[in-house]
Amino acid sequence: MNVFITGSTGFLAGELAVLLSKRPQIRRLYCLVRANDEQKAWSRLQQVFQFHGDAFDTTKVIPVLGDLADSSLAEKLYRLKDLGEVDTVIHAAADTSFAPSSTENVERINIGGTQQILTWTQSLPNLETFVYVGTASICGTNLTHCNILEDQSPSTSAAHVVRYCYTKMVGEMSVTHAIPREKLLVVRPSIIMGDTRDWTPRSYVILWALAAVNTIRLIPSNPQAHLDIIPVDYTAEAIVELLFAKRNWTTYHISAGKQSSSTLEAILRAADDSADGRPPFKYVRHELLQQMKKWPKKLLPQSELLNPEYARYLDYWNTTFNGNGNLRMLVTAMGPYFRFMDLNQTFDNSRLLADTSIGTPPPAHEYVKKTTRHLNKIDLTAGALDP
Ligand SMILES: NC(=O)c1ccc[n+]([C@@H]2O[C@H](COP(=O)([O-])OP(=O)(O)OC[C@H]3O[C@@H](n4cnc5c(N)ncnc54)[C@H](OP(=O)(O)O)[C@@H]3O)[C@@H](O)[C@H]2O)c1
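So, a few notes on the structure that sits alongside this text.

What counts, and where the lines are drawn
- Residues numbered from 1 in each chain as written.
- Predicted model: local features only at pLDDT ≥ 70, side-chain atom pairs only at ≥ 80, totals over all residues.
- Helix = DSSP H or I, 4+ residues; strand = E, 2+ residues; numbered from the N terminus.
- Buried ≥ 20, exposed ≤ 12 C-beta atoms within 10 Å, placed from the backbone.
- Contact = placed C-beta atoms within 7 Å.
- Pairing = 2+ DSSP bridges.
- Axes fitted to C-alpha atoms, helices over the stretch in contact; angles between N-to-C directions.
- Near = placed C-beta within 6 Å.
- Nonpolar A, V, L, I, M, F, W, Y, C, P; charged D, E, K, R; others polar.

## Observations concerning the environment of Thr135
Piece 1. Its location among the elements puts Thr135 in the loop between β5 (129-133) and β6 (146-148).
Piece 2. A residue is classified by how many C-beta atoms lie within 10 Å of it, and Thr135, with 24 of them, is buried.
Piece 3. The spatial distance from the C-alpha of Thr135 to the C-alpha of Val187 is 7.4 Å, given a sequence separation of 52 residues.
Piece 4. Contact partners of Thr135, with chain neighbours within four places excluded, come to Cys165, Lys168, Arg188 and Pro189.

So this is what it looks like as structure tokens:
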């Protein structure tokens, strides 16, 4: 098998690249890497393998310089004759930013970049499988408080919490349109957070949000809402299993499902490190979020937040944030995460369980303890600037 993968310098596809490189069925693994020159591309790829001490076999794993934002990427890939042997394409790269300021780039990468990969893929003489790494979140905000099935998405009438979800939906629709059904595998992970292995995760994405609520302590969300969270090692293994499985469907959720989802309260109880004197978590109405955003600017002479029950939190914020703008930035960046939490969505995983032997993932409230000791390494400000 000769595989071409995008996104291997990232959180999920980094794990995927390492797993694939260990499979004897894989002859070559071409990895699209953003870099200024060949040497930097090799070095970035080497870091992916070195991160957890995996062997980097340079006869098997080969970087391909390229940028999904480049409107001539398809043409450039086409000119690389070695890539003509590729029979499996795994498109996992995306711009995953929730920041409104990133919207243009998110559209360019997730829609335009996917189109570039598709255009090039269609020129491959030996294509057997195209894997698109989508997201279960393309279901949008209309389906709430339920266990969602694969066939309930995509829907062009779905409303989305952030533009990223919309672009992933459009990307998936383009792929479905361009690739024949028998060659297509669409995987839709739910929320990927942390790693079940007792080591530093490749990325603090989503864990940032956990660190943020751990710091804010007042949470405008429903503690009983179910969160469908999966660890990155499980997600990568599930994708590799599906790649080699006899598949009965084209599209699969990779998710915790009803069985292994967690409530927000259970996750925060497991992640809590309030021994340092922070106030306990307090769950409040979602509407209080707006007041929490305004409070740091002292714009709330008549706020509900000034009620005595919140005094402890305001004192704590005063001490912790010392009047700087970080609280406002954190609370604002957390806005979409609080909205996602309140959707109370889980994603049905019966297809994955039926067609592979992977089983269900451990619930987040069980494995998250392995990662909580890393929470203090997370730069909350950097995360808030690009949530
Ligand atoms: N994390 C989640 O909770 C989650 C949940 C469901 C689905 N997903 C999907 O899983 C996939 C991987 O997500 P992730 O969390 O691993 O994201 P990530 O850590 O941000 O990785 C994104 C990858 O895409 C690459 N990329 C971004 N822009 C690019 C460009 N212009 N040209 C070439 N490569 C580019 C990045 O390269 P650089 O290293 O050069 O930036 C990086 O390798 C995405 O498709 C995402 O939509 C993620």
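## Re the sheet that holds strand β1 (residues 2-6)
Piece 1. In spatial order, the strands read β3-β2-β1-β4-β5-β7-β12; together these seven strands make up an open sheet with parallel pairing. Strands with a single pairing partner mark the edges of an open sheet, and in this sheet they are β3 (61-65) and β12 (251-254). Put simply, the sheet's adjacent strands are angled 20° from each other on average, direction ignored.
Piece 2. Across the sheet, helix α5 (residues 163-178) touches β5 and β7 (184-189), and the angle it forms with β7 is around 165°.
Piece 3. With respect to the sheet, helix α7 (residues 232-244) is in contact with β5, β7 and β12, its orientation differing from that of β7 by roughly 160°.

## Here we look at the site of the ligand
Piece 1. Contacts to the ligand come from 28 residues, most closely from Thr9, Gly10, Phe11, Ala93 and Ala94.
Piece 2. Contributions of two or more residues to the shell around the ligand are made by α1 (11-21), α4 (103-121) and β8 (191-192).
Piece 3. Take the shell around the ligand: its biggest share by element is three residues, from α1.
Piece 4. Here the residues of the shell around the ligand sort into 16 nonpolar, eight polar and four charged.

## So, the environment of Leu207
Piece 1. With respect to the helices and strands, the residue Leu207 is situated in helix α6 (residues 207-216).
Piece 2. Owing to 22 C-beta atoms within 10 Å, Leu207 belongs among the buried residues under this scheme.
Piece 3. A sequence separation of 168 residues divides Leu207 from Leu375, and the C-alpha atoms of the two residues are 7.3 Å apart.
Piece 4. Leu207 has contacts with Met193, Gly194, Pro201, Thr371, Leu375 and Ile378, leaving out every residue within four places of it along the chain.

## A few points about the pairing of β7
Piece 1. With respect to burial, β7 is a largely interior element, five of its six residues being buried.
Piece 2. Looking at chain direction, β7 and β12 are connected through four bridges and run parallel. Residue pairing across strands places Arg188 opposite His253, the latter belonging to β12.

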